[in-house]
Amino acid sequence: MKYVFLSLLAGTLLNSAVLAQPGDPTLAARVLDVTVVANAPPGGPGDKLWKMFDDAVTEQSQGRIELSMLVHGQIGGDDLVIQAIRRGRGQVGIVGESGFAQVVPEVSVLNMPYLFDGPEELDFVVDGFVTPAIKELSAEANLEFFQWVEIGWMNIYAKAPLLSPDDTQNYRLRALPYDTSQAFLSAVGADVIHLSFPDVIPGLQTGLIDGGESSTLMYARAGLYQEAPHLTLTRHAYAFAGLLANKAWLDNLEPADRAVMTSTFPDQQFVRKDTRDSLLVELETAEQEGVIVHRLDDSALAPWIDRARATHPDLIARIGGDAQRIYDLVQEGKEVYAARENGGDGEE
């Protein structure tokens, strides 16, 4: 696997994809260079997935397809990753919500606070009701949507315990750079601060912020716990990234190459289990290193949920596009799931 870190070399790779031409008699002897882009933290669960992907592509193509991996933010954040894929400078990549939503804004619906009641319901609804619609909307934007790559539940970290919305009143919390995060923190009464990620730790150190919203992985791997040791498991939203490809590029591949590129990344079920298992380990390790984890029961969660769900109508309007349709699909899926759980239609 070629992890490329030098900016000059990265720039060269981003502009050097060799496309196989259908019917080319020299196809078997040619090398297809594919640039893979993402903004994943080094050492995270994604590294194992990229290694599995690279190994599978090499094996199935008998070494004819070569992947150049720019997956640790070498080209920038998700906003630049999505543009690289759309313009064909990177052919395949994983893009978080802030980037994906630039071209398919409806994906932000999935990150609305307390949209889902638990992981089993979430899996059922996303897989069976939402994903087909997202694939359709992605195709309209020249993106081939392969699958979700889960990031996990979002929680609140802080210098002090924040156990209810009463504790977050006027508390300086850093929002993530999208509407759903800002709406949630505003709904629970926080003093919402907008801050770029590199400024988060200095902001905690200087008192510009006293906490924020984060996934477990970023909280642990970025060292936020060293400045804000309280982690409240609000689990108010579930973060997703998308595995995407440039659709025009993919459609132009020889069938055999297309089959390799669409079948070799670890599948949805494997990624889901691997991510959730990894996050349990991250949380356990964080506690061992001194993080104070606050687990909320249903009664403690109720006031968070009541305030947060009130943001849904406004968020649908702000997201625009087909947000209402995606939201309705979620509600439909939740109803079907509830009926099955109550014995209406048997097992999932």
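Residues numbered from 1 in each chain as written. Predicted model: local features only at pLDDT ≥ 70, side-chain atom pairs only at ≥ 80, totals over all residues. Heavy atoms only, no water.

(A) Summary view of the overall build of the chain. A tally of helices and strands in the chain yields 14 helices and ten strands. Looking at the chain residue by residue over its 348 residues, the buried ones come to 54%. Within the chain, contacts between residues at least 6 apart in sequence are counted, and of these 75% link residues at least 24 apart. (Helix = DSSP H or I, 4+ residues; strand = E, 2+ residues; numbered from the N terminus. Buried < 20%, exposed > 50% of the residue type's maximum accessible area, 1.4 Å probe, protein only. Contact = heavy atoms within 4.5 Å.)

(B) How the structure looks around the pattern of salt bridges. Under the defined criterion, the tally for this structure stands at 23 salt bridges. The salt bridge partner of Asp251 is Arg258, with a shortest N-O separation of 3.1 Å. When its relative accessible area of 44% is taken as the criterion, Asp251 is described as partly exposed. When the shortest N-O distance is used, the salt bridge between Glu287 and Arg295 registers 2.9 Å. Note on Glu287: relative accessible area 32%, which makes it partly exposed. (Salt bridge = Lys/Arg side-chain N within 4 Å of Asp/Glu carboxyl O.)

(C) Region of the structure containing empty space enclosed by the protein. Tallied over the full model, the rule gives three cavities of 30 Å³ or more. Roughly 60 Å³ of internal volume is contained in the largest cavity. Forming the walls of the largest cavity are Glu97, Phe100, Val107, Leu110, Asn111, Trp148, Tyr238, Ala239 and Phe240. Take the lining of the largest cavity: its biggest share by element is three residues, from strand 9 (residues 230-246). Here the lining of the largest cavity is built from residues that sort into seven nonpolar, one polar and one charged. (1 Å grid on protein atoms, 1.4 Å probe; cavity = no way out; pocket = protein on both sides within 12 Å on 5 of 7 lines; lining within 4 Å. Points joined across faces, edges and corners; volume = space filled by probe spheres on them. Nonpolar A, V, L, I, M, F, W, Y, C, P; charged D, E, K, R; others polar.)

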